[in-house]
Amino acid sequence: YFRSEAFTGCIPDAVIVDVAVWDEHGELAWGWSRPVLTRALEKQAGDMRFDDASDTAFALVCEEPGVGRLRLECAEMDSRGHVVKSAMLELQSQFIRSWFALDGDLLDQ
């Protein structure tokens, strides 16, 4: 669901994702906000990605070439909304080297 001064609407199977990655000094290293399409997950026996009361779960992947990738798996929580069951953030070593001004092959070891 989105609302602006000019438009109001709902985009099915999409969510707005805000990502912010800070370094140890509180500087924003990587950040963005964008709509991302979701993909339904199939339920399998013993799968912890689903809540007992729900058969609905989805995944979304956000990727920025040269920087990194975020993958979230979410499950429906009754009528209260959704809960993140799994989150994986991958940052490319080239991006980390560049951000921290590292030279050499320190991160490749």
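Remember, predicted model here, so these are calculated numbers, not experimental data.

**What about the overall build of the protein chain?**
A tally of regular secondary structure across the protein chain gives one helix and eight strands. Listing the helices and strands of the protein chain from first to last along the sequence gives β-β-β-β-β-β-β-β-α. Here the protein chain holds 109 residues, and 26% of them are scored as buried. Of the contacts formed within the protein chain by residues at least 6 apart in sequence, a portion of 32% connects residues at least 24 apart. Accessible surface computed for the protein chain: about 7,900 Å², of which carbon and sulfur atoms make up 52%.

**Examining the environment of Ala57**
Among the secondary structure elements, Ala57 is positioned in strand 6 (residues 57-64). For Ala57, a relative accessible area of 5% gives the class buried. Distance from Ala57 to Glu73, taken between C-alpha atoms, is 7.2 Å for residues 16 residues apart in sequence.

**Observations concerning the nonpolar core**
Formed by 15 residues in total, the largest nonpolar core has its most connected members in Val17, Val19, Trp30, Trp32, Leu60, Cys62 and Leu70. Among the secondary structure elements, those contributing two or more residues to this core are strand 3 (14-22), strand 4 (28-37), strand 6 and strand 7 (68-77). Ranked by the residues each element gives to this core, the list is headed by strand 4, at four residues. Not counting residues within four places of it along the chain, the set of residues in contact with Val19 comprises Trp30, Gly31, Trp32 and Leu70.

**Remarks on the sheet that holds strand 8 (residues 81-91)**
With antiparallel pairing, four strands are arranged side by side in an open sheet as 5-6-7-8. The outermost strands of the open sheet, each flanked by one partner alone, are strand 5 (39-40) and strand 8.

**Considering the packing of aromatic side chains**
Within the structure shown, the criterion is met by one aromatic pair. Measuring from ring centre to ring centre gives 6.0 Å for Trp30 and Trp32, while their planes differ by 65°; the resulting arrangement is edge-to-face. The same class applies to Trp30 as to Trp32, namely buried. When the ring centre of Trp32 is taken as origin, the NZ or CZ atom of Arg34, which lies over that ring, is 4.0 Å away.

The rules we used
Residue positions are given per chain, counted from 1 along the sequence in the order it is written. Reporting of local features is limited, given that this is a predicted model, to residues whose pLDDT is at least 70; pairs of side-chain atoms are given and counted only at 80 or more, and all residues count toward the totals for whole chains, interfaces and linings. Side-chain measures here rest on the full set of heavy atoms in the structure, leaving out hydrogens and waters. Helix numbering and strand numbering both begin at the N terminus, where a helix is a DSSP run of H or I of at least 4 residues and a strand a DSSP run of E of at least 2. For every residue, the accessible area obtained with a 1.4 Å probe (protein chains only) is divided by the maximum for its type, and the residue is called buried under 20%, exposed over 50%, and partly exposed between those limits. Contacts were defined at the residue level, with two residues in contact if any of their heavy atoms lie within 4.5 Å. What sets the accessible areas is the Shrake-Rupley method with a 1.4 Å probe; for residues, cover comes only from the shown protein chains. In this text, buried Ala, Val, Leu, Ile, Met, Phe, Trp, Tyr and Cys residues form a nonpolar core when linked through side-chain atoms within 4.5 Å. In this description, strands pair whenever DSSP reports at least two bridges between them. Ring pairs shown here join Phe, Tyr and Trp side chains whose ring centres sit within 6.5 Å, with only the six-membered ring taken for Trp; geometry is labelled stacked below 30 degrees between planes, edge-to-face above 60, and tilted in between. Throughout this description, the term charge over a ring refers to an Arg CZ or Lys NZ atom that lies within 6 Å of the ring centre and within 35 degrees of the ring normal.

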